[in-house]
Structure formats: C-alpha cells, structure tokens
Amino acid sequence: MSHNILSSGLLDGVWAWVFRIAGIIFIPLGIFIWYMGALGSKMDEHIENNKLQTGGIYAWVRNPMYVGVWFINIGLILLWHNLWLLILLPVQWLILTVVLINTEEKWLLDLYGDEYASYKSRVNRLIPIKRLS
C-alpha cells in the first residue's frame, strides 16, 4: 500500500467508528437544518412581504441553509475518519464567516436597520445554539 499524507491521518479501531457514527448523525442533521431554513420556514412569504424572518429555525441560527451544508460537509469529513481533514472545518467556518459579514449581513443591515441589528445580537450566525441572555 502506498503511503501518503491522507492515509497517514486515518484513524483505526474504535475511533474510526466514533467518527463514522458522528458523520452519520451530522449528515441528516445538516439536511434537516437546510430543509427547515429553505422550505420549512415559509421564507418565500417573508421575502414577498419584505419582512425579516426571525422565527422557527431562524430563532436558533441566522443562516440555516449555510449551516445545513456545513453540517453535511462535517459529516462527510467525519465519515472519512481522517484527522488531516479536520483542518477543513475551521477553514470552512472562517470562509463562511468572512463572506457573510462582507455580503449578506451588510445588505440585511441596510434593508432592515435596527430590526436586523437587534436580531443579529440575539442569534448566532452559524452555530445553531440559543444564546444565553
């Protein structure tokens, strides 16, 4: 067997299974979060009425569709049970954060003003966990 950097990071034994099981959990969770943000939130009605969506999944995370895809990627990385690929997780988070701050968040702040600023202070950008008050 040839030895390369990716094969050097492979986990064996129980850790490989821990990573695989976590991956199997993250993938459907990501699909669910994406679905709730894209289709389960009635976002199209809010867009048509020019209203900021802050209910449902949007009360937990500001960008559920991005989070859903990110969780699917996390699941795939964990399924491959390779430590080297874990480097991609903070890289993905950083790219998403920088892109969102410099595009969508500026646009929403211009569009909704104080309402969006208040929402932004209450709800996380990419981590679907309620903030403690």
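Described below are features of the structure shown in this document.

## A word on the packing of aromatic side chains
Tallying each qualifying case throughout the model produces 3 aromatic pairs. Ring centres of Trp70 and Phe71 lie 6.0 Å apart, and the angle between their planes is 50°; on these two criteria the pair is classed as tilted. Using a relative accessible area of 10% as the deciding quantity, one classes Trp70 as buried. A relative accessible area of 10% means that Phe71 is categorised as buried. Between the aromatic rings of Tyr116 and Tyr119, the centroid separation amounts to 6.1 Å while the plane-to-plane angle is 55°, which identifies the pairing as tilted. Separated by 3 residues within a single helix, Tyr116 and Tyr119 lie in helix α7 (residues 114-122), roughly one turn from each other.

## Notes on a nonpolar patch on the surface
Nonpolar side chains collect at one region of the surface, where Trp34, Tyr35, Leu39, Met65 and Val69 lie side by side and expose about 460 Å² of accessible area between them. Sorting the residues of the nonpolar patch by element identifies α2 (13-38) and α4 (64-79) as the ones contributing at least two each. By the element assignment, Tyr35 lies in helix α2. According to the relative accessible area criterion, Tyr35 is partly exposed, its value standing at 41%.

Cut-offs used in this document
- Residue positions are given per chain, counted from 1 along the sequence in the order it is written.
- The predicted origin of the model limits local features to residues at a pLDDT of at least 70 and limits the giving and counting of side-chain atom pairs to 80 or more, whereas totals for whole chains, interfaces and linings rest on all residues.
- Only hydrogens and water are removed before side-chain values are computed, so all heavy atoms of the structure are retained for them.
- What counts as a ring pair is set by centres within 6.5 Å for rings of Phe, Tyr and Trp (its six-membered ring), and what kind of pair is set by the plane angle: stacked under 30 degrees, edge-to-face over 60, tilted for all other angles.
- With a 1.4 Å probe rolled over the protein chains alone, any residue whose accessible area is under 20% of its type maximum counts as buried; one over 50% counts as exposed, and the rest are partly exposed.
- The helix and strand labels rest on DSSP assignments: H or I over at least four residues marks a helix, E over at least two residues marks a strand, and numbering proceeds from the N terminus.
- Two distance rules govern patches: like charges are joined within 9 Å, and nonpolar side chains (Val, Leu, Ile, Met, Phe, Trp, Tyr) within 5 Å, applied only to residues with over 30% relative accessible area and no salt bridge.
- Surface accessibility in these figures is a Shrake-Rupley result with a 1.4 Å probe; residues are shielded only by whichever protein chains are displayed.
- Just to be clear on terms, a salt bridge is a Lys or Arg side-chain nitrogen sitting within 4 Å of an Asp or Glu carboxyl oxygen.

These values are about where atoms sit, not about what they do.
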